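A structural walkthrough
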Amino acid sequence: MTLASRWPAVLQAVMQGQPCALADSHYPQWHPAPVTGLMNDPNGFIWFAGRYHLFYQWNPLGCDHRYKCWGHWSSVDLVHWQHESIALMPDEEYDRNGCYSGSAVDNNGVLTLCYTGNVKFDDGGRIAWQCLAVQNDDGSFTKQGPVLPLPEGYTGHVRDPKVWCHDGQWYMVLGAQDLQKQGKVLLFTSDDLHHWQPCGEIAGQGVNGLTDSGYMWECPDLFALDETHVLICCPQGLAREPHRYLNTYPSVWMSGAFDYETASFAHGELHELDAGFEFYAPQTTVAEDGRRILIGWMGVPDGEEMLQPTCAYGWIHQMTCPRELKYRDGRLWQTPARELEQLREAEHQWQGRASDAPELEATRLEFELSTSYVNADFAGALRLTVDDYGVRLERASLKNGEMLTRYWQGDVSHLRVLCDSSSIEIFINHGEGVMSSRYFPDHPARVRFEGASDITLRYWSLRRCMIE
Ligand code: FRU
């Protein structure tokens, strides 16, 4: 059955689901999250005609990875979002098993979505089409159908088109798996978004000397940033290392020189984009004023996601906060988008021995800590340690209670921490590192600082900011 015949079920799911999700004490108070069902990747993130548009992978019918639609929110300031009508439903033969991830472009004033139509067969096989949809005057979208079939030499895992315009020409990067089961990023070019020519592989296993780099690269995003080019993507199958790539799948960045003439990307090594427990499939766009803004999914597929307690309330996952990206001294810096400061209520300051610091209500909280040593306990459900090794985040596995740790290694002098009802985002040294994680404390949740070191603390309670 296609999702078209399930419209009444979608309406019912939303009507019944939203009050249930909002009654959950873990439902985010200022991060975008689904009103019901499962949300994953940010899609089609764009500043268009005076608003930001953020689409998202959404199964409104349940907490599982079926029936992927494109939900749609819009905002003028990246902080206050409003619901728009569902943009895409998997109701055509070519997208019947999901309108998978993709991007949005401004094509001569027409908001145009580029997405993957995913088709699965009973024998376990699959194919994928890269498809277009254009916005109508009433805000709805009309599908224009597939514009790119599976390229030769690749399996059915070819998806997540990120499209941009450079010097009047369209470019697309795609995540792919070749027939030898190696993960790749493919580049295509087009004059009109409808006819695409292949330009080859620009990154992946076996490209640019990369080895042991995984069997499938998802969600690529390539962009110019501060005199360099950055490729972000999600290589599946990277070997775990003692202190990084510890999640089921990581998100990485690499920088280098992208040459439009030769369609080649000479890049440096891979770096983990976020060292927390939950972060995947990020996407960037250019803000009205030229800043490069990133939003990620604060979730990871195929791990413990289905054990999250919010499933009992019919919803699962949330976005990260929007981040500004900068490239400096060979590093990618990420800081919370400055618009988020609107959420701050009165500022408080405190200085002294960590264990004497006030306990803070962690539900809607931002704090800055100047210190190189501290322990912080988040309602007994998450533990943050800063010491000579860097930052450590510990929490219990939802599966078996075993303690799990994530690491950011380096000298630490400053932390900026953003908390919501069931999430924490830690920005280290003004953006040198980030750790994003969900956690599920009993509420009201408090953060308690521990240890004898001297800390300087600035903190704000944050305003509630729900999607309207
Ligand atoms: C990443 C991803 C994408 C795909 C989408 C499906 O999380 O697997 O590669 O397009 O999710 O929801």
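Residues numbered from 1 in each chain as written. Predicted model: local features only at pLDDT ≥ 70, side-chain atom pairs only at ≥ 80, totals over all residues. Heavy atoms only, no water.

1. Structural notes on the side chain of His 26
Note the following rule: Segments assigned H or I by DSSP are reported as helices when at least four residues long, segments assigned E as strands when at least two residues long, and all are numbered from the N terminus. Partly exposed residues are those whose accessible area sits between 20% and 50% of the maximum for their type, while under 20% is buried and over 50% is exposed, using a 1.4 Å probe and protein chains only. We call two residues contacting when some pair of their heavy atoms lies within 4.5 Å.
Along the polypeptide, His 26 turns up in the loop between α1 (7-22) and β1 (37-48). On the accessibility criterion, His 26 (10% relative accessible area) is buried. For His 26, the contacting residues outside a window of four places in its chain are Pro 309, Thr 310, Trp 315, Ser 421, Ser 422, Arg 438, Phe 440, Pro 441 and His 443.

2. Structural notes on the site of the ligand
The line we're drawing: A cutoff of 4 Å decides nearness: a residue is near a molecule or strand if any of its heavy atoms lies inside that distance of it. Here a polar contact is taken to be a pair of N or O atoms separated by no more than 3.5 Å, where protein atoms must pair a possible hydrogen donor with a possible acceptor and residues adjacent in sequence count only if both atoms sit in side chains. To be clear on the numbers: accessible area is Shrake-Rupley with a 1.4 Å probe, and residue cover counts the displayed protein chains and nothing else. When residues are sorted by character, Ala, Val, Leu, Ile, Met, Phe, Trp, Tyr, Cys and Pro go into the nonpolar class, Asp, Glu, Lys and Arg into the charged class, and all the rest, Gly among them, into the polar class.
Close to the ligand lie Asn 40, Asp 41, Gln 57, Lys 68, Tyr 100, Ser 101, Arg 159, Asp 160, Glu 218, Cys 219, Tyr 280 and Trp 297, which account for all nearby residues. In this structure, an oxygen atom belonging to the ligand sits 3.1 Å away from a main-chain N or O atom of Ser 101. Here the ligand, which alone exposes 320 Å², has 92% of that area covered by the protein. Across the shell around the ligand, the residue classes tally to 4 nonpolar, 3 polar and 5 charged.

3. Structural notes on the pairing of strand β12 (residues 196-204)
Spelled out, the test is: At least two bridges found by DSSP between two strands is the condition for calling them paired.
Pairing geometry for strand β11 (residues 183-190) and β12, over 7 bridges, is antiparallel. Note on β12: the bridge partner recorded for Phe 188 is Pro 198. Connecting the antiparallel pair β11 and β12 is a turn made up of 5 residues, with Leu 193 showing a positive phi of about 75°.

4. Regarding the nonpolar core
The condition is simple: Put simply, buried Ala, Val, Leu, Ile, Met, Phe, Trp, Tyr and Cys residues joined by side-chain atoms within 4.5 Å make one nonpolar core.
In this structure, Phe 367, Phe 378, Val 391, Leu 415, Ile 426 and Phe 449 are the most contacted members of the largest nonpolar core, which totals 34 residues. Excluding residues that lie within four positions of it along the chain, Leu 415 makes contacts with Phe 367, Glu 368, Leu 369, Leu 384, Val 386, Val 391, Ile 426, Phe 427 and Ile 428. Trp 58, Cys 234, Trp 297 and Trp 315 belong to the second-largest nonpolar core, a separate cluster that totals 26 residues.

5. Here's the deal with the UniProt feature "domain: Glycosyl hydrolase family 32 C-terminal" (unreviewed entry) in the protein
Keep this limit in mind: UniProt positions are given in the numbering used here, feature names are shortened, and annotations may be inferred rather than shown by experiment.
Residues annotated in UniProt with the feature "domain: Glycosyl hydrolase family 32 C-terminal" (unreviewed entry) correspond here to residues 396-444. The distance separating the terminal C-alpha atoms of residues 396-444 is 19 Å; by composition the span is 0% helix and 55% strand.

6. Details of unusual backbone geometry
Comment: phi is negative for the bulk of residues other than glycine, and the bulk of peptide bonds are trans. His 443 connects to Pro 444 through a cis peptide bond whose omega is 0°. Along the chain, Pro 444 turns up in the loop between β32 (433-438) and β33 (446-450). A positive phi angle, close to 55°, is found at Asn 208, a residue other than glycine. Along the chain, Asn 208 falls in the loop between β12 and β13 (216-225).

7. Concerning the sheet that holds strand β22 (residues 331-336)
For sheets, the rule is that strands pair by backbone hydrogen bonds, running either parallel or antiparallel. Definition in use: Axis definition: a line fit to C-alpha positions, over the contact stretch in the case of helices; interaxial angles, taken between N-to-C directions, run 0 to 180 degrees.
The sheet built from 4 strands is open, its strands ordered β18-β19-β21-β22 with antiparallel pairing. Whereas interior strands pair on both sides, the edge strands pair on one side only; in this sheet they are β18 (280-286) and β22. Going from strand to strand, the sheet's axes swing by 35° on average, the running direction of each strand aside. Relative to β22, strand β21 (residues 323-328) runs antiparallel, the two being bridged by 6 bridges. Note on β22: the bridge partner recorded for Arg 323 is Pro 336.

8. Thoughts on the UniProt feature "domain: Glycosyl hydrolase family 32 N-terminal" (unreviewed entry) in the protein
This chain's UniProt record puts "domain: Glycosyl hydrolase family 32 N-terminal" (unreviewed entry) on residues 31-336. The distance from the first to the last C-alpha atom of residues 31-336 is 13 Å, and the span holds 0% helix and 55% strand.

9. Details of the state of the cysteines
Rules: Note that a disulfide, as used here, is simply two cysteine sulfur atoms within 2.5 Å.
Scanning all chains against the criterion turns up 0 disulfides. A disulfide-free cysteine, Cys 165 has its sulfur positioned 11 Å from the sulfur of Cys 114, the nearest such atom. Judged by relative accessible area, Cys 165 falls into the partly exposed class, the value being 44%. Between Cys 233, a free cysteine, and Cys 234, which holds the nearest cysteine sulfur, the sulfur-to-sulfur gap is 6.5 Å. Look at Cys 233 and you get buried, because its relative accessible area is 0%.

10. Description of the environment of Asp 91
The residue Asp 91 is located in the loop between β4 (81-83) and β5 (99-107) in this model. Classification of Asp 91 as partly exposed rests on a relative accessible area of 29%. Linking Asp 91 and Pro 220, residues 129 residues apart in sequence, is a C-alpha distance of 26 Å. At a separation of 2.7 Å, a polar atom in the side chain of Asp 91 contacts the side chain of Lys 143.

11. Some remarks on the pattern of salt bridges
Stated precisely, the cut-off is as follows: Put simply, a salt bridge is a Lys or Arg side-chain nitrogen that is within 4 Å of an Asp or Glu carboxyl oxygen.
Inspection of the entire model under this criterion finds 25 salt bridges. The partner of Lys 162 in a salt bridge is Asp 221, with the nearest N and O atoms 2.8 Å apart. Linking Lys 162 in strand β9 (residues 154-166) with Asp 221 in strand β13, this pair joins segments that are 59 residues apart in sequence. Just as Lys 162 is buried, Asp 221 falls in that class too. When the shortest N-O distance is used, the salt bridge between Glu 324 and Arg 291 registers 2.7 Å. Of the two residues, Glu 324 sits in strand β21 while Arg 291 sits in the loop between β18 and β19 (292-297), which places them 33 residues apart along the sequence. One exposure class covers both Glu 324 and Arg 291, and it is buried.

12. Focus on the pairing of β9
Burial runs high along β9: 10 of the 13 residues are buried. Of the pairings in the sheet, the one linking β9 to strand β10 (residues 169-178) comprises 8 bridges and is antiparallel in character. Within β10, the position partnered with His 166 by the bridge is Gln 169. The turn joining β9 and β10, which pair antiparallel and follow one another in sequence, is formed by 2 residues; a positive phi near 50° is taken by Asp 167.

13. A word on a nonpolar patch on the surface
We count it as follows: Patches in this entry comprise residues that are over 30% relatively accessible and not in a salt bridge; like charges within 9 Å are linked, as are nonpolar side chains (Val, Leu, Ile, Met, Phe, Trp, Tyr) within 5 Å.
A contiguous nonpolar surface patch, about 340 Å² in accessible area, is contributed by Trp 7, Leu 11 and Met 15. If you trace the backbone, Trp 7 turns up in helix α1. Taking the relative accessible area as the measure of exposure, Trp 7 reaches 39% and is therefore partly exposed.

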